[in-house]
Every structure is written in structure tokens, then in C-alpha cells.
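Chains, contacts and geometry: an overview
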Amino acid sequence: MGDAFGLARRRSLFFLLVLVVLTSVFLVSTEHGPSSVSHETTPPPPARPATEVSRVDIPDPDPFGPRHTLLGPPKAFFRDNLLPQHKYITSWLSAGWTNDVYTYINLIYLGLITDRIPVVPMFIPSHVGGHVPPIPFGEVFDVPRLRNLLGTSVLEWRDVKDVASPEIDDIGCWNIWESVQYREAFPRRSRIPDDLNLDISYTKTPDWIKMIPNYEHDQHVSFWSIATLAFPRTREANLVPPRPSPKHNVSLPPDEHMLCYDYLYYVSAHQPFEMEYDYSPAWRYVGTHMHFTPALEKIADTYIRQALGVPDSMQIPPFISVHVRRLDFQVWCGGLPIDECFASNQVIERRVREVQDELLERSGLKVPHVIVTSDERNSSWWDDITRQGWFFPDHAETKSLYGDWYPVLIDAVIQSRGVGFVGTDRSTMSIIAARRAQDWNKAPYRLVKWGMKGADDH
Ligand SMILES: Nc1nc2c(ncn2[C@@H]2O[C@H](COP(=O)(O)OP(=O)(O)OP(=O)(O)O)[C@@H](O)[C@H]2O)c(=O)[nH]1
Ligand SMILES: *[C@@H]1O[C@H](CO)[C@@H](O)[C@H](O)[C@H]1NC(C)=O
Ligand SMILES: *[C@@H]1O[C@H](CO)[C@@H](O)[C@H](O)[C@H]1NC(C)=O
């Protein structure tokens, strides 16, 4: 490896460079030159497919999409699709749908602060019914739009691994659950690893990740406590013998290429359950950019029109959306009759009127239309809603038309569309609806208190 070799290499590099320059000059002149010499002697190039033309003329609409951040189409084994120059991060689900949305918001935010590409699994039908198949994240949220708004990549598991692949991937993940609670001596359970055919060997996280040390009534960790484990030094210093995987009995340390944690619902920056606080970084940097897909918005449009009796030829008028969470919230009522525990329509109406007043005062907007969504099934309760002069989406045919996921998805979209919003205190579905309506429509909102007679009297 003497100088002579280096010189020869440099010289050949120089000639290569000259060749490249000359070739491109030639190509440019034949492509755009008004009448190039070779025009008549060589046959015209084959017509280029439209996609290639557009690649030259307009910028890539999805510059952070799978085409740029994965090797190719979904593979039988997920590892075969990861690129060495990127790092990835993933996690699983284990709650009701809105809680699960929070969890994915947390996952994506953790990806931002660790410079890793979040790989988001599907939604699982916890409250929708065990027989219902999971629904892809990208069928609910507009992932290309999210990528563009974030200016960075977000992928779905279906982009990475073939959903029909029978192949089982072994992987090492961090087990947060055993460091934050003292009832279950195993990682947080989730069906998602089975759905994705993953065989996981878990490494328990250090105890110091817990936000309130030794406190059994809370299960939170901070974003940065677990983010430290995404970096080599802290990871290395906290490795303990992993728990063997259930299927292949393999023991693996936490994966460095596809970093994974068992459960990210209980993650905050500063204090437990902070998604409802104005400062929540997970909401401000991620949640607010998670818009529903155009297809879902369009379906919701038809339900709103139908509820308000607005024909296709007319614009949907502004309305106030209301979310009344009932049913299993009764477990918090301590035996109180539900009529005393849950807020009555009169109480809800008081908050609706406040929101109407605020809209009128602030923007001179008169908004008489109110659309109510709820998990309540009692038809006489709905009759009362009608008697109140309020409207609601008719979901009689929704499941048979679109599938079991759609009543709750459509209702979430409707809630987000209000120019004002009234929800149920302590319901994550209401809280996220309030945040969406506030960010997307500048909507004033109220969350109605409940739990005893007069709970919302203030
Ligand atoms: N269609 C429909 N379903 C609802 C509505 N409100 C609640 N649900 C159902 O009840 C579930 C409530 O669970 P989450 O989405 O996690 O929200 P939450 O209100 O915080 O409830 P918990 O998780 O039980 O505390 C939803 O996922 C729906 O399945 C509603 O307005 N419309
Ligand atoms: C799992 O592997 C360990 C170590 O290789 C071995 O001692 C153990 O018997 C295995 N367990 C099962 C259930 O195969
Ligand atoms: C349904 O609601 C009505 C009035 O809102 C109430 O009187 C009735 O007891 C409820 N029925 C059931 C089965 O909960």
C-alpha cells in the first residue's frame, strides 16, 4: 500500500469523474437539446412509465416512507427488511382502544427522542370483541401525513414483515412492567407478539426507571429514563440475564437494531397521566399530527350528514360534539345508582351552553347543532338525547357495512370535528377528543365531572 498505488487510484478516480461528467452532459443535451445530433440516427428511447416521469418532475410525496427506510416489500423475517444505516423502535399494546392510541403516541415520541424509526403494530380489539381481527394502524391514522408533519419516518409492522408470514422471529426486548408494579412477576402481557410471530426474550429494566420509586399505586416511567437504555453505555451497564423466550427457549439481550419495550402506556415526561396537560410533549410533538385517514374522514362525513339531515349538496354546518362515556365506568360509582353517579343530560346541557356562549362571544359563531356519541346502549337514554334536540350517528348498520371497529372509529372522528366539545371527565377517549378539537378546530371544550350527585356543580 505505497504512494504509487494511492496515486494510481486517485488518477483512475479522476478519469472516472471526467467520464461521469461527460456522460451526464451528453445525456442532458440529448434529453433537452432542441435538436441533438443523435436524434435521427438512434431510435427514440422507450416511453417512460408515468411514475418515473413524476419522480423527475415533482418531489417524492413520501420522502420518509418505507421505500426510503426499508430494504423492500414486507419480508418473511422482519430482520431481512431492516437497513443497517437506520435504527428502529417498537412496542406492544394491552388496553382499550384510546389507551392504545396513547401508547402508540408514546412509542412514536420515544422514537423521536432516541433517533429511531418507530415501527407501529396494529390495533387489537380489546373492547371491540375477541373475535374481531386487529386493524392496521394505517387504516385509522394517515401515516404518510404523519411522516411529513414529523419530517421523519414512521413505519408499520405490515411494511416490515409479511402479515401472513408463518416464520417466527426471535428478539430480545426490555421488560418495563416488572420494574413498575409488584403484582405480576412477568412482562406486560399482550397478544401482539403472537400476532406478529415474535418469540421474545425479555431483560428486566433497572428499578431506577420508575417515576415514583417503590410506590405501588403508580406504574409510570419517564420518557428519558427508558430512552437512556436506547444508547449503548446505559444499555450495557444495565444488562442482566434475560428471561428465555417462550417458544424457542432462547436468551437474548435487548435488540439494538429493533429496540423494543413491552409496554409504553405508562410513560410521561413529568408526571403520571399527563396527556391531558397542555404541556404534554407526546401530544404536542406527535399526537396532534396523527390525523385520521381521508377514507375514515369521508365515512364519518356520511354519518354526520345523516345525523344532521344535511344533503350531499350542502356543506356540513359547524356543530358541537359531545362524548358521554357510561357503561363500565359504573365500576367507579361505588354502588351508587347510575342516575346519581353519571351526569344527567341537564348537567351536560349546561356545559354545552357554556361552549356555545364561548363560541358566540369569541367568534360570533352561533352553533345550535349538537352531535352526541356514547357507548350507552339503552335505547330510552338515546330517546332522551333526541328529546333534548340533539343528534347522534346511527350505527345500526355500521358493523355490517364497515366492520366491528367502525362504530368507535367513526365516533372518534365525529368527536374531533366539533367546533366545540363536551366530554366525560377521566375518559381517555374524551381527553384525546378535546385535544384534537382544540388543536384542529380551535374548539373550546369542557369535561363533565361525575361519580356522585352534583359532581359537576361548579
Ligand atoms: N362507538 C363508541 N364506543 C365507545 C364510545 N365511548 C366509549 N366506547 C367504547 O369504550 C371503549 C373505552 O375505552 P378507551 O377507548 O380506552 O377509553 P376510556 O374512555 O378511557 O375507557 P377506559 O380505557 O376503560 O378507562 C372504547 O374503546 C370503545 O370501545 C363512543 O362514544 N362510541
Ligand atoms: C432451555 O434452555 C436451557 C439452557 O440452554 C436449558 O437448560 C433448559 O432445559 C431449556 N428448557 C426447555 C424447556 O427446553
Ligand atoms: C334505560 O334508561 C332509562 C332512562 O334513561 C332507565 O329508566 C332504565 O332503567 C334503563 N334501563 C336499563 C336496562 O338500564
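Treat the numbers as computed from the prediction; the structure is a model and nothing was measured.

1. Brief notes about the overall build of the protein chain
For the protein chain, the helix and strand inventory stands at 20 helices and 12 strands. Here the protein chain, with 458 residues, has 48% of them falling under the buried criterion. By sequence separation, contacts in the protein chain at least 24 residues apart represent 73% of the contacts at least 6 residues apart. Of the roughly 23,600 Å² of accessible surface on the protein chain, a fraction of 58% belongs to carbon and sulfur atoms.

2. Notes on the site of ligand 3
The immediate surroundings of ligand 3 are formed by N378, S380 and D384. A distance of 3.1 Å separates an oxygen atom of ligand 3 from a polar side-chain atom of S380. Bound to the protein, ligand 3 loses 33% of the 360 Å² it would expose on its own.

3. Some remarks on the packing of aromatic side chains
Enumeration over the complete set of coordinates arrives at 25 aromatic pairs. Look at Y104 and F123: their rings are 5.3 Å apart centre to centre, the planes differ by 50°, and that puts the pair in the tilted class. Remark: F123 occurs in the loop between strand 2 (117-120) and helix 6 (137-140) and Y104 occurs in helix 5 (residues 97-114); sequence separation between them is 19 residues. In this structure, Y104 and F123 share a single accessibility class: buried.

4. Section: the sheet that holds strand 11 (residues 420-424)
The 4 strands lie next to each other as 10-9-11-12, forming an open sheet whose pairing is parallel. Looking at strand neighbours, the two that pair on one side only are strand 10 (370-374) and strand 12 (445-448), the edges of this open sheet. On average, each strand axis in the sheet is tilted by 15° relative to the strand beside it, whichever way the strands run. This element, helix 17 (residues 379-387), spans strand 9 (320-324) and strand 10 of the sheet and lies at about 170° to strand 10.

5. Re the packing of helix 19 (residues 406-417) against helix 20 (residues 428-441)
Contact geometry for helix 19 and helix 20: axes closest at 7 Å, N-to-C directions at 45°. With respect to helix 20, the axis of helix 19 lies oblique. Both helix 19 and helix 20 take part in a crossing whose hand is right-handed. Seen from helix 19, the contacting residues are V408, A412, Q415, S416 and R417; seen from helix 20, they are M429, A433, R436, A437, W440 and N441. Considering only residue class, the contact of helix 19 with helix 20 consists of 6 nonpolar, 3 polar and 2 charged.

6. Here we look at the state of the cysteines
According to the stated counting rule, one finds 2 disulfides in the structure shown. What pairs with C173 in a disulfide is C260, and their sulfur atoms sit 2.1 Å apart. Between C173 and C260 the sulfur-sulfur dihedral comes to about -90°; the bridge is accordingly left-handed. Of this pair, C173 sits in strand 4 (residues 169-175) while C260 is found in strand 7 (residues 258-263), placing the two residues 87 residues apart along the sequence. C260 carries the same exposure label as C173, and that label is buried. Note on cysteine connectivity: C333 is disulfide-linked to C341, with sulfurs 1.9 Å apart.

Here is what the cut-offs are and how they apply
Throughout this description, residue numbers start from 1 for each chain and increase along the sequence as written. Chain labels run from A onward and ligand labels from 1 onward, assigned in the order the entries are written. Confidence filtering applies because this is a predicted model: local features only for residues at pLDDT of at least 70, side-chain atom pairs given and counted only at 80 or more, and all residues used for totals across whole chains, interfaces and linings. Excluding hydrogens and water, the side-chain figures rest on all heavy atoms present in the structure. Each helix is a run of DSSP H or I of at least 4 residues and each strand a run of E of at least 2, with the numbering of both proceeding from the N terminus. Exposure classes here rest on a 1.4 Å probe applied to the protein chains alone. A residue is buried below 20% of its type maximum, exposed above 50%, and partly exposed in between. Note on contacts: a residue pair qualifies if any of its non-hydrogen atoms lie within 4.5 Å across the two residues. A 1.4 Å probe and the Shrake-Rupley method give the accessible areas. Residues count as covered only by the protein chains that appear here. When at least one non-hydrogen atom of a residue lies within 4 Å of a molecule or strand, that residue is treated as near it. In the analysis that follows, any N or O atom pair within 3.5 Å is treated as a polar contact, provided that within protein one partner can donate a hydrogen and the other can accept it, and provided that, for residues neighboring in sequence, both atoms belong to side chains. Stacked, edge-to-face and tilted labels apply to pairs of Phe, Tyr and Trp rings (six-membered ring for Trp) whose centres lie within 6.5 Å, assigned for plane angles under 30 degrees, over 60, and everything in between, in that order. Only strands that DSSP links by at least two bridges are regarded as paired with each other. Axis lines are fitted to C-alpha atoms, over the contacting stretch for helices. Their N-to-C directions set the angle, which ranges from 0 to 180 degrees. Here the angle decides the label: under 35 degrees means roughly parallel, over 145 means roughly antiparallel, 65 to 115 means roughly perpendicular, and every other value means oblique. Whether a crossing is left-handed or right-handed is set by the direction in which the near helix is turned from the far one by less than a right angle, anticlockwise for left-handed and clockwise for right-handed. Under the scheme applied, nonpolar residues are Ala, Val, Leu, Ile, Met, Phe, Trp, Tyr, Cys and Pro; charged residues are Asp, Glu, Lys and Arg; polar residues are all the others, including Gly. What counts as a disulfide here is a pair of cysteine sulfur atoms lying within 2.5 Å.

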